[in-house]
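Architecture at a glance
One-letter residues, chain by chain:
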Amino acid sequence: MMKRVYVAGHRGMVGSAICRNLHSREDVEIIVKTHAELDLTSQDAVLAFFQAERIDEVYLAAAKVGGIHANNTFPADFIYQNLMIESNIIHSAHITGIQKLLFLGSSCIYPKHADQPMSEDALLTGILEPTNEPYAIAKIAGIKLCESYNRQYGRDYRSVMPTNLYGMNDNFHPENSHVIPALLRRFHEAKIANDAEVVVWGTGTPMREFLYVDDMAAASVHVMELSNDAYTSATKSMLSHINVGTGVDCTIREMAETIARVVGFEGQIIFDASKPDGTPRKLMDISRLKNLGWEYQYDLYDGLKLTYEWYLDNLDSFRSGA
């Protein structure tokens, strides 16, 4: 039987990867709407959409996202828009009788100084990283929305928390992007200009884990398609989210050096210690997901190579400032 599956945020990096994954399935009809067609921050518009579309499952990948600079500059936008998007979609899914939904969060939900690797149990055990606290609060609220509708109404709303993601359809804006797309663009432009050096924010010492976005999509579909018994036996009613990552991290310096190698930049890499480092280390404990039968496929070099190839194929759009 054909399932009507709504992917919220289908133009984003994660949502588009989920669509690519689902397109290979003959039993899925993918439902999408652009922002111009549906404002997800409007409660009335979202409810009307759900009432009209007869949706069976929801992947909630829509979000306002950005790097340290964007989070520091627009904290109100980040908390408001993300709270509205997830609240409207989750509540409208419930009102219209949709039983299955997957909410995509972020590893920034965990305390700044959480024990490493970060297990799901670390949630709400300490102070968050100040630079992206508003975004993290919104994502924590999304987890608790799903858990609350499950507890009160018997819904099957699940949550996955990815580590740092990168890949096709990422945001390559020079100021408002995450670290990998920002550096891919910067190293590429430095190579073309024959620059002698590239400056990277921070000391280069923080440890980060990175996951290629098609792996994230595969993990999302895997978790969504688990039997209810398998999911509930691996989680807890008030601690139900599942970490998604590689279980492997590297320093920002090592990551930058890998990007330089992929791009072919042969100049010097300078680290500006006057700029913020963010969280000292972020490594996910992915044992819960591994026990549920999933592991990643792309290592950092291979994922970066695919991402850079996609960037080159879409270079005209980035030159226009997109």
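Before any of the text, the structure's been laid out above.
In this text, all values refer to a predicted model and were calculated from it rather than measured experimentally.

In this section: the packing of aromatic side chains. Remark: the centre distance and the inter-plane angle together describe each pair of aromatic rings, the angle taken between the planes. A full pass over the atoms with the stated rule returns 12 aromatic pairs. Between Tyr-6 and Phe-50, the ring centres sit 5.7 Å apart and the planes meet at 85°, which makes this aromatic pair edge-to-face. One end of the pair, Tyr-6, is in strand β1 (residues 3-8); the other, Phe-50, is in helix α2 (residues 43-53), and 44 residues separate them in sequence. Neither residue differs from the other here; Tyr-6 and Phe-50 are each classed as buried. By the ring-pair criterion, three or more aromatic residues cluster together here, those being Phe-172, Tyr-308, Trp-310 and Tyr-311. For Lys-64, the ring lying beneath its charged end belongs to Phe-78, and the centroid distance is 5.0 Å.

Locating Thr-307 in the fold gives a position in helix α11 (residues 300-313). Given a relative accessible area of 1%, Thr-307 falls into the buried group. A distance of 2.8 Å separates a polar atom in the side chain of Thr-307 from the backbone oxygen of Gly-303. Each residue touching Thr-307, except ones within four places of it in the same chain, is listed here: Tyr-166, Gly-167, Met-168, Phe-172, Leu-184 and Tyr-212.

Side-chain pairs of opposite charge can arise where the charged atoms are in close proximity. A full pass over the atoms with the stated rule returns 14 salt bridges. Among the ionic pairs, Arg-4 bridges to Glu-29, the shortest N-O distance being 3.2 Å. Here Arg-4, found in strand β1, pairs with Glu-29, found in strand β2 (residues 28-31); they are 25 residues apart in sequence, far enough to count as distant. Its relative accessible area of 13% is what places Arg-4 among the buried residues. Given a relative accessible area of 33%, Glu-29 falls into the partly exposed group. One salt bridge in this structure joins Glu-189 and Arg-185, with 3.0 Å as the shortest N-O distance. Residue Glu-189 and its partner Arg-185 are located together in helix α6 (residues 179-193), separated by four residues, close to a single helical turn. Note on Glu-189: relative accessible area 39%, which makes it partly exposed. The network of salt bridges with shared partners includes Arg-4, Glu-29 and Glu-53.

Let's shift gears to helix α9 (residues 252-263). Spanning 12 residues, α9 covers 16 Å between terminal C-alpha atoms, matching the ideal 16 Å at 1.5 Å per step. Buried within α9 we find Ile-252, Met-255, Ala-256, Thr-258, Ile-259, Ala-260, Val-262 and Val-263. One or two positions beyond α9, positive phi appears at Gly-264, with a value near 95°.

Turning to the packing of α2 against helix α4 (residues 75-95), a few remarks are in order. Direction vectors running N to C along α2 and α4 enclose 40°, while the axes themselves pass 9 Å from each other. Between α2 and α4, the angle is such that the two are oblique. In the packing of α2 onto α4, the handedness of the crossing is right-handed. On α4, the residues that touch Gln-43, Val-46, Leu-47 and Phe-50 of α2 are Asn-88, Ile-89, Ser-92, Ala-93 and Ile-95. Of the residues in the contact of α2 with α4, the class split is six nonpolar, three polar and no charged.

How each quantity is defined
- Residues numbered from 1 in each chain as written.
- Predicted model: local features only at pLDDT ≥ 70, side-chain atom pairs only at ≥ 80, totals over all residues.
- Heavy atoms only, no water.
- Phe/Tyr/Trp six-rings, centres within 6.5 Å; stacked < 30°, edge-to-face > 60°.
- Helix = DSSP H or I, 4+ residues; strand = E, 2+ residues; numbered from the N terminus.
- Buried < 20%, exposed > 50% of the residue type's maximum accessible area, 1.4 Å probe, protein only.
- Lys NZ or Arg CZ within 6 Å of the ring centre and 35° of its normal.
- Polar contact = N/O pair within 3.5 Å; in protein donor to acceptor, adjacent residues only side chain to side chain.
- Contact = heavy atoms within 4.5 Å.
- Salt bridge = Lys/Arg side-chain N within 4 Å of Asp/Glu carboxyl O.
- Expected span 1.5 Å × (residues − 1).
- Axes fitted to C-alpha atoms, helices over the stretch in contact; angles between N-to-C directions.
- Parallel < 35°, antiparallel > 145°, perpendicular 65-115°, else oblique.
- Left-handed = near helix turned anticlockwise from the far one by under 90°.
- Nonpolar A, V, L, I, M, F, W, Y, C, P; charged D, E, K, R; others polar.

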